[in-house]
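# Descriptive structure summary
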Amino acid sequence: IVTTTWPQRCLTGTEPVFQGCFVFKPSAKKKKKLQSLGETCLSRGRTATCQIISTIYLCTSCKVLQDELNRKILDSLLDFTRKCSSTRQHSDWASQMRASEIPTAALVLGVNVPDHDMTFQSLSELLQQSVTPHVASVQAKECGAMKHLMKRVLERLMDTAVDDDEEEETEQSGVQLHKSVHCSFSTLCDWYITKTKVGARSSPPVVIIFKDLEAFNPKVLQDFILICSRYIERLPLMFIFGIATSPSTIQHMLPHSVSSLLCIELFQSLSCTQHLATVIDKLILTHQFPFKLNGKVMQVLISIFLYHDFSVRNFIKGLQLALLEHFHSQPLSVLCCKKKEALLNLTQLSHGDLERIRQLPSFRRYVEKQESQEQVKLMTDDGHLKEECQKLIKGFHRYHKHYYPVLRCLHTLTSALPRYPLGKQIRELHLICLEKNVWENEDYQSAMKLLKMLAKDELIALLQRCAETLQSTKSKKMNKAAAQLEELLARFKQLDTATEMAPTVDDSVTSPIKNLQKKTDLFQLQKVAHHHHHHHHHLHCTLLEMNESRRSKKLSPFEVLRNEALEFVDSLVKSHLSPPESQTLHEVCYYSSSAVVRRHLNATPRTSIQAALSSPYYYLQNESLKTEDGTVSNAAPDICIAYKLHLECGRLINLYDWMEAYATVVSAAEGTDPDSDSYGKVDEVKHARFIRAVSELEFLGFIKSTRQKTDHVARLTWGGC
C-alpha cells in the first residue's frame, strides 16, 4: 500500500514547489483501516490533482513565462554590468570614468510592486551565475537609518562570499563595523581584496540592488552614495535602482551634487498589462490548462488587476484561490485534469459520485435529448453511464482543442479592424464567447462586414496568419481546416497572376471603398450643391443609386473568393466557438462562483475587525463568551469590552468615564461582590489593561488623540456591523 503526502505550501505563492511522494508500509494493526483509506481515494485524488495544477501549470509555468518576458531587460542589465566591469579592468579606468562616478542602472518596473520580487530574484540569480558573486539586495523598510543600510549591505555581501571557517571572524569584525561608517567600508574593501586575490584574474563588481527606491529615506540614500563614491577606486561598486514610478524620481530624491556622482543608464521593463495579456494567452487560453473560469469569475480577476494593483502575481493568486475553491466545493473536480488521467479517474468513481454526475444540470439536459430507453439506462445503469461519460469527456477535451485555435484566428482578423469591434485583447473576445453564441452578437456581424472592406493584401496577410495558427495545432480537424485555408490563399495568388495577364480593369470593380470615394468626390458634391441647392434630395438619390448599383453589379473574381474565405471563417466560428455552458459535464472543469472570489479578494478589513470585536465567540470558540442577545460577555477580551463601551459614546470620549465603565464590567466578570468597596474601583492592573486596550483600538484606527478637550479621545468610526 502506498500513501502519498503532498506539501501544502505550494498553493500559497507563485514560486515553483516540487511534490514529494513518500512510501509508508502499514503495520498489522493498520490493516483494518484499509477500507477507510479506499473510501477517501476520491478526496486524495482531488488533492493530488489540485496540487499538480497549482504547482506545474500555475507556479512553474508562470515563473518560466515571467523569465521569458523579462529576458530582454535582464540580458541588457547583464551586458551593462559586464561592460562596466570590463572597463574597470583597464589601467586607464580613471581617465575613462571619474574616480567618484558609480555605474548605476535605473530599472523602471512599473507600479505593479508585488511582481517586482520575482524580477529581482531572477536578476540576482543571473548576476551571481554569470557576472559576480557579490550581490546584495536591500529594501527601504529594513534600512530606516544609515547604520541599518550599512549593516544589511555588509551582511549580505560578506555572507555570499564568506566560507564557514571565516564566519566567527566576520561576526567579530561585525561588532566593530557599526561604530564608524568609514571603518565599515574599509573592512569591506579589505574583505574584497582578500576575496579577489585568491587565484582571481579579474575583479568582479560589487552590485547593490535597491528594490524600492521611492520608499528609501532620501537623506540616508544621499549619505550612502557620498560615502560609496569615496571608495570607488578601491571597490568596484555598482548600483541598481528599482523604480516603480518614473526616472525623474532620482532627480527628486537626490540633489545634483549627489546624482552627479552616478553614471546612470535607463532600463524600461514591459508594462504589466503586456505581462497579463501574455499570461492569459499562453497559460489560461490553452487546452493544456485543465482548470477553467467562467466569464464572471474571469471578469472579477481582471477588474481587480486593472482597478487595484496591476499585479500579475496577485492575479495568479486569485486564480489559485478559484482553483482551491473549485476542488473543495466540487467533488467531481477529480475529472478536471488531462484526458488520460480523467478517463482513469472516471473508472474509479463510486456509485455516489455517478449519482452526482446524474444531478449535473448539463448532464440532465443531455439525457432529456436522448430516446426514452437510453434515458433509463443512463439514469440506472452505472456501467453504461461510465461508458457514455468516457465519450463525453473525450468530446469535452476535443471541444477545447478546437476552441482556442479558432478563437485566435477570429482575434487575428477582428483586432486588425478599426475601433476593435470585438475587443483589442484576446481576453475580451474570449469573454464575449463565454457569454453567448458570438456569431449572434451585433459587433461580430459588423466585424464581418468590415472585413469585406479590407484591402486585398491586408486580408491575405491576416488569412495567412490564421492558417499558421490552425496548422500549429495538434489536431487533424484543425490541420484540415488549415489546408482548406491554404487552398483559398493559393487561389488568391492565382487570381493575382491572372489579373497581371488580363487587360486593366476599372478600379471600381475590385475596390468598393475606392468606388465609394470616387462617387463622393468633394468637387462633385460641391458641384451638386451649387447647381441644386434647393434640391438636396438629388444627392441622397445619387448615394442610393450607387448602393443599388453595387448590389446589382456582378461580383468580381476577387470579391467571390473573399466572400468564400470569410464564409469559411464564419463556419469555423459557428462550429467551434459555442459557449462552454453548451457542453455536457462543463461543471467539472469550469468554476463559476464569482461572488466567493470577490469576497475573498476584495477584502473589507474594517468589517472583519468589527465583527471579531463584536462577536469574539465565533473566533475564539470559548463557551464563556457565548451570549444569546448578541451583546458582548463581560468575560470577553479587554479590547472587545473597550470597543463595545466606545460604541455608546459620542464624537469625543472622556477617558476617565470610559475607564470607570470598563472597571465596572471587569469587576462583574471577576465575580466581585457589588456591595464591596473594591467593586468598580480602578486598581493598577485594571488601569494597565485599560491603557493597553485603548492603545490597541488606536492602532486599529477606531480612535485618535485630540487637543479639543483634555483627557478626551476622538471616535473615528460610525456604523458598521
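Residues numbered from 1 in each chain as written. Predicted model: local features only at pLDDT ≥ 70, side-chain atom pairs only at ≥ 80, totals over all residues. Heavy atoms only, no water.

### Brief notes about unusual backbone geometry
In the Ramachandran plot, Phe310 falls in the positive-phi region, its phi being about 55° despite a non-glycine side chain. Summarising the element assignment, Phe310 is placed in the loop between α12 (295–309) and α13 (312–329). Residue Phe310 is classed as partly exposed on the basis of its relative accessible area of 28%. One non-glycine residue, Tyr420, adopts positive backbone phi at about 45°. Mapped onto the fold, Tyr420 is located in the loop between α18 (382–414) and α19 (426–435). (Helix = DSSP H or I, 4+ residues; strand = E, 2+ residues; numbered from the N terminus. Buried < 20%, exposed > 50% of the residue type's maximum accessible area, 1.4 Å probe, protein only.)

### Describing the nonpolar core
Of all hydrophobic cores here, the largest spans 105 residues; its most connected members are Phe291 and Phe363. With residues near it in sequence (within four places) discarded, Phe291 still touches Ile53, Leu319, Ala322, Leu323, His326, Cys336, Cys589 and Tyr591. Formed by 43 residues, the second largest nonpolar core is a distinct cluster that contains Val108, Met146, Leu149 and Ile227. (Core = buried A, V, L, I, M, F, W, Y, C linked by side-chain atoms within 4.5 Å. Contact = heavy atoms within 4.5 Å.)

### Here we look at the packing of helix α15 (residues 351–359) against α18
Where α15 contacts α18, the two axes come as close as 11 Å, and the packing angle between them is 60°. Between α15 and α18, the angle is such that the two are oblique. The handedness of the crossing between α15 and α18 comes out as left-handed. Contacts between α15 and α18 involve His351, Leu354, Ile357 and Arg358 on the former and, on the latter, Asp382, Leu385, Lys386 and Cys389. (Axes fitted to C-alpha atoms, helices over the stretch in contact; angles between N-to-C directions. Parallel < 35°, antiparallel > 145°, perpendicular 65-115°, else oblique. Left-handed = near helix turned anticlockwise from the far one by under 90°.)

### Some points on the confidence of the model for the protein
Per-chain confidence: the protein averages 81 in pLDDT, with 78% of residues scoring 70 or above. Ignoring residues within four places in sequence, the model shows residues 160–183, a span with pLDDT below 50, making 24 contacts including any to other chains. (pLDDT = per-residue confidence, 0-100.)

### Remarks on the sheet that holds strand β9 (residues 703–705)
Pairing is antiparallel across the open sheet formed by three strands, whose spatial order is β8-β10-β9. Each edge of the sheet is formed by a strand with only one pairing partner; in this case those strands are β8 (652–654) and β9. With strand direction ignored, the average angle separating the axes of adjacent strands in the sheet is 40°. As defined by bridge partners, β9 adjoins strand β10 (residues 712–715) across three bridges and the pair is classed as antiparallel. When the bridges of β10 are listed, Ile703 appears paired with Arg715. (Pairing = 2+ DSSP bridges.)

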